[in-house]
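# Topology and contacts: notes
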Amino acid sequence: MRPLSRRIRHAPDLGKILERLTLKALGSPDMDEVLKATIRAVLDTGLVDRAAVHFRSRTNPRAMVGTWGTDLSGALERIPTRFEVHPRSPIARAFASRRGYFLTPDVRSDRRVDQAIGHSHEKGVKALGILALSTQGEIVGDLAVDNRISGRPLALKSLLALRPFAAHAAAAIRNVRILSAAKRRAEALKVINEVGQKCLASDSLEERMTIVAESAQKLLQTEGATIFFRDARNGELRVQTATGPKREVLTQLRLARGEGLAGWVAENKISQLVQQAGVDPRFARRVDKENAFETRSLLASPMVLGDRVLGVLEVVNKGGDGWFTLEDQSLLEVLAKGPRSQVSAYDL
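Notes on the structure follow. (Residues numbered from 1 in each chain as written. Predicted model: local features only at pLDDT ≥ 70, side-chain atom pairs only at ≥ 80, totals over all residues. Heavy atoms only, no water.)

### Details of the overall build of the protein
Across its full length, the protein carries twelve helices and 13 strands. Considering the protein as a whole, with its 348 residues, one finds that 51% of them fall into the buried category. At a minimum sequence separation of 6, the contacts of the protein that also span at least 24 residues come to 60%. (Helix = DSSP H or I, 4+ residues; strand = E, 2+ residues; numbered from the N terminus. Buried < 20%, exposed > 50% of the residue type's maximum accessible area, 1.4 Å probe, protein only. Contact = heavy atoms within 4.5 Å.)

Listed below in structure tokens is the structure:
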């Protein structure tokens, strides 16, 4: 990568730079390598001083994760930034625009931007440009550029000239998502198969339920998992098995008919995911209060045999981004189907 002064003096050959990036992208399935190459290529154009790529979390559409960018000297560095996009931030403006970009000559005085929500990567920046990274109709991230080092104006023509480079970044993010999703599905099938084999090898109902609960916690990367059995006489739910930091106290828990998300799921016979438990009216707040625990997110699936609800399998507090997905829900439903025959034979 040439020094900034040389990049500014020499007129860039965008075609050649883009050709080199294309060859690099075709030769590497590694998202990190492609994004680094994209940043280098953007800087080699001489159109901007600095650049950074953030990708959008799949589980939390408001969350952005930093990948690679440039420091105040123009050198490439990893950006550990993680933040939520405010509706009046430059990134949100780019995402909302039908044109797919946001450009301002001075972000510090732009009335379209809420000055109270600037992120660390925007501090000290004047002229700022954001290109939404879009692939197959889905926005997967952003390419942010600025001229903080030289103080030059940032022209719209320069920003739009970077669109082909943004397309490479978008494709790299999408490809990694496809590969990671395929890998996760393969791992999930392996775990589900192992659960079935372990359950068949055990004669103990308690052991089988523990296998299912521990597998649900591991597979869905949650803080804990609980299996409730439903009393056929009064619809009450009681904990049969629990995992996680509060497993000992949870074994004493009973929920009245329809109480909590698990109670709602048992009554309605459908799975439910809750991303923010604190604002969901079905959430049983007393359980957290009694057990000194903080429930952030929930996912529950009924164990149904014919017309009979035998119980509920529930997981709590998704790790990582903290948001459950529909894929998580499908996997939990598969696990919830496994122990139905064993539970039906048990005297509830």
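Picking up where we left off.
### Considering helix 7 (residues 205-220)
Taking 1.5 Å of rise per residue, the 16 residues of helix 7 would be expected to cover 22 Å, and the 23 Å separating its terminal C-alpha atoms lies within 8% of that figure. By the N-cap criterion, in which a side-chain oxygen at the helix start approaches the backbone nitrogen of a residue two or three places on, helix 7 is capped by Ser204, the distance to Glu206 being 3.4 Å. (Expected span 1.5 Å × (residues − 1). Polar contact = N/O pair within 3.5 Å; in protein donor to acceptor, adjacent residues only side chain to side chain.)

### Points about the sheet that holds strand 11 (residues 272-274)
Taken together, six strands build an open sheet; the order of strands is 10-9-8-13-12-11 and the sheet is antiparallel. The sheet is open, and its two edges are formed by strand 10 (254-255) and strand 11, each paired on a single side. The pairing of strand 9 (residues 237-242) with strand 10 spans two bridges and is antiparallel. Each residue of the ladder has a partner; that of Arg238, found in strand 10, is Arg254. The strands touched by helix 9 (residues 260-268) are strand 8 (222-230), strand 9, strand 10, strand 11, strand 12 (298-305) and strand 13 (308-318); relative to strand 13, the strand with the most contacts, the crossing angle is about 145°. (Pairing = 2+ DSSP bridges. Axes fitted to C-alpha atoms, helices over the stretch in contact; angles between N-to-C directions.)

### Observations regarding the pattern of salt bridges
All told, the structure shown has 15 salt bridges when counted by the stated rule. For the salt bridge of Arg108 with Asp106, the shortest nitrogen-to-oxygen distance reads 3.2 Å. Put simply, Arg233 and Asp231 hold a salt bridge, and the shortest N to O gap is 2.8 Å. A relative accessible area of 12% means that Asp231 is categorised as buried. Overlapping salt bridges bring together Arg230, Arg257 and Glu267 as one network. (Salt bridge = Lys/Arg side-chain N within 4 Å of Asp/Glu carboxyl O.)

### Looking at the pairing of strand 8
For strand 8, a buried count of eight out of nine residues is recorded, marking the element as mostly surrounded by other parts of the structure. Relative to strand 13, strand 8 runs antiparallel, the two sharing seven bridges. Of the residues in strand 13, the one forming a bridge with Gly224 is Val316. Pairing of strand 8 with strand 9 involves five bridges; the strand directions are antiparallel. Across the sheet, the residue bridging to Ile227 is Thr241, located in strand 9. Taking the residues that link successive antiparallel strands as the turn, the strand 8-strand 9 hairpin has six residues, and the phi of Gly235 there is positive, at about 75°.

### Observations regarding the pairing of strand 7 (residues 138-146)
In terms of burial, strand 7 is largely enclosed, as eight of its nine residues are buried. Examined bridge by bridge, strand 1 (residues 50-56) and strand 7 share six bridges and lie antiparallel to one another. Across the sheet, Ala51 pairs through a bridge with Val145, a residue of strand 7. Alignment of strand 6 (residues 128-135) against strand 7, held across eight bridges, turns out to be antiparallel. Of the residues in strand 7, the one forming a bridge with Ile130 is Ala144. Linkage of strand 6 to strand 7, two consecutive antiparallel strands, is achieved through a turn of two residues, within which Gln136 is found at a positive phi near 50°.

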